[in-house]
Amino acid sequence: MTEITFRRATAADAAAIADLRVDSWRTTNRGVMPDAYLDGMRADESTEMWLQVLNADLPTIAVFVAEAGTELVGFAAGMLLMPEKFDLNAELTAIYLKPIAQRGGVGRRLLSMIASTLQLQGATGLLVWVIAGNQAARQFYEQMGAELLIEQPFTWDGLDLMETGYGWRDLTALRQACAE
């Protein structure tokens, strides 16, 4: 595989980020969410949202990408929370990887970059939400030392689902776990 490089995302990455998000949802949530919903997802609908996020250039939001050559193979996003939830003041809002980039440390590196950047902005803990049936994501967070906080019903685009909240209360320890 080509060497992976990491950098802050720019507005020019919005369409590739949206594409990867939709592809990842279709892959990881098949069998957990209705096929019709997953098949109806359109990347162009979220490209505009990513453009707004990336053009905002706020220090309280961090988005990083991983590239193999010129191909985007992963991204992660996070932000400071106001107000705090579960006594955590930051959230990992997204982390998605193409299958070719999985299990090679790319996710760990992206997670560490989000944690480091938000820690510099005052974050002391990090929250992440995952659809309860996404066992691969749950296992990843647990391997990184996340504490299971809650499992609860929620509604997403009219779908009744279960979500699981995980958290890290020590971002330095999280960054160390990512480096192992």
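Residues numbered from 1 in each chain as written. Predicted model: local features only at pLDDT ≥ 70, side-chain atom pairs only at ≥ 80, totals over all residues. Heavy atoms only, no water.

**Concerning the packing of helix 1 (residues 14-28) against helix 3 (residues 43-56)**
Logical step 1: Two numbers describe how helix 1 lies on helix 3: the axes approach to 8 Å, and their chain directions differ by 130°. In terms of orientation, helix 1 and helix 3 fall into the oblique class. Judged by the sense of rotation from one axis to the other, the crossing of helix 1 with helix 3 is right-handed. Residue-level inspection shows Ala14, Ala15, Ile17, Ala18, Asp19, Arg21 and Val22 of helix 1 in contact with helix 3, the latter providing Ala43, Ser46, Thr47, Trp50, Leu51 and Leu54.
Logical step 2: Considered class by class, the residues forming the contact of helix 1 with helix 3 number nine nonpolar, two polar and two charged. (Axes fitted to C-alpha atoms, helices over the stretch in contact; angles between N-to-C directions. Helix = DSSP H or I, 4+ residues; strand = E, 2+ residues; numbered from the N terminus. Parallel < 35°, antiparallel > 145°, perpendicular 65-115°, else oblique. Left-handed = near helix turned anticlockwise from the far one by under 90°. Contact = heavy atoms within 4.5 Å. Nonpolar A, V, L, I, M, F, W, Y, C, P; charged D, E, K, R; others polar.)

**Structural notes on helix 5 (residues 135-143)**
One full turn of an α-helix is made of 3.6 residues, so residues set three or four places apart face in the same direction.
Logical step 1: For helix 5, the set of buried residues is Ala137, Arg138, Phe140 and Tyr141. All buried residues of helix 5 project into a common sector of 160° when viewed along the axis, lining one side.
Logical step 2: Those residues of helix 5 that are buried lie in contact with strand 4 (88-97), helix 4 (106-120), strand 5 (126-131), strand 6 (147-156) and strand 7 (159-168).
Logical step 3: Glycine 145, located one to two residues past helix 5, shows a positive phi value of around 90°. (Buried < 20%, exposed > 50% of the residue type's maximum accessible area, 1.4 Å probe, protein only. Arc of directions from axis to C-beta.)

**Overview of the layout of surface pockets**
Logical step 1: Here the second largest pocket defines a volume of roughly 200 Å³.
Logical step 2: The wall of the second largest pocket is formed by Arg8, Ala9, Val53, Leu54, Asp57, Leu58, Pro59, Ile61, Ala62, Val63 and Thr117.
Logical step 3: Secondary structure elements with two or more residues in the lining of the second largest pocket: helix 3 and strand 2 (61-68).
Logical step 4: The biggest single contributor to the lining of the second largest pocket is strand 2, with three residues.
Logical step 5: Here the residues of the lining of the second largest pocket are counted per class, giving eight nonpolar, one polar and two charged. (1 Å grid on protein atoms, 1.4 Å probe; cavity = no way out; pocket = protein on both sides within 12 Å on 5 of 7 lines; lining within 4 Å. Points joined across faces, edges and corners; volume = space filled by probe spheres on them.)

**Structural notes on the nonpolar core**
Logical step 1: Within the largest apolar cluster, 34 residues are counted, with the highest numbers of intra-cluster contacts made by Leu111, Leu126, Tyr141, Trp168 and Leu174.
Logical step 2: For tryptophan 168, the residues in contact, after removing those within four places along its chain, are Leu88, Leu111, Thr124, Gly125, Leu126, Val128, Tyr141, Met144, Gly145, Ala146 and Leu174.
Logical step 3: Formed by 25 residues, the second largest nonpolar core is a distinct cluster that contains Val22, Trp25, Leu72 and Leu161. (Core = buried A, V, L, I, M, F, W, Y, C linked by side-chain atoms within 4.5 Å.)

**A look at the pairing of strand 7**
The two faces of a sheet get side chains in turn, since along a regular strand they alternate between them.
Logical step 1: The buried fraction of strand 7 amounts to eight of the 10 residues, a majority that puts the element mostly inside the structure.
Logical step 2: Direction of pairing for strand 5 relative to strand 7: antiparallel, over a ladder of six bridges. Within the sheet, the bridge partner assigned to leucine 126 lies in strand 7 and is tryptophan 168.
Logical step 3: The sheet contact formed by strand 6 and strand 7 spans nine bridges and is antiparallel. The partner of glutamate 147 across the bridge, within strand 7, is glycine 167. (Pairing = 2+ DSSP bridges.)

**A look at the side chain of serine 112**
Logical step 1: Turning to its location among the elements, serine 112 is positioned in helix 4.
Logical step 2: Sequence-distant contacts of serine 112, defined by excluding residues within four places in its chain, comprise Arg175 and Cys178.

**Overview of the sheet that holds strand 7**
Logical step 1: On the basis of which strands lie adjacent, the open sheet formed by seven strands has the order 1-2-3-4-5-7-6 and mixed pairing. Looking at which strands have only one partner, the edges of the open sheet turn out to be strand 1 (4-8) and strand 6. Averaged over all pairs of adjacent strands, the angle between their axes in this sheet comes to 25°, without regard to strand direction.
Logical step 2: Pairing of strand 3 (residues 71-85) with strand 4 involves eight bridges; the strand directions are antiparallel. Directly across from leucine 80, in strand 4, lies its bridge partner alanine 90.
Logical step 3: Across the sheet, helix 1 touches strand 2, strand 3, strand 4, strand 5 and strand 6, and the angle it forms with strand 3 is around 85°.
Logical step 4: Running at roughly 155° to strand 2, helix 4 makes contact with strand 1, strand 2, strand 3, strand 4, strand 5 and strand 7 of the sheet.

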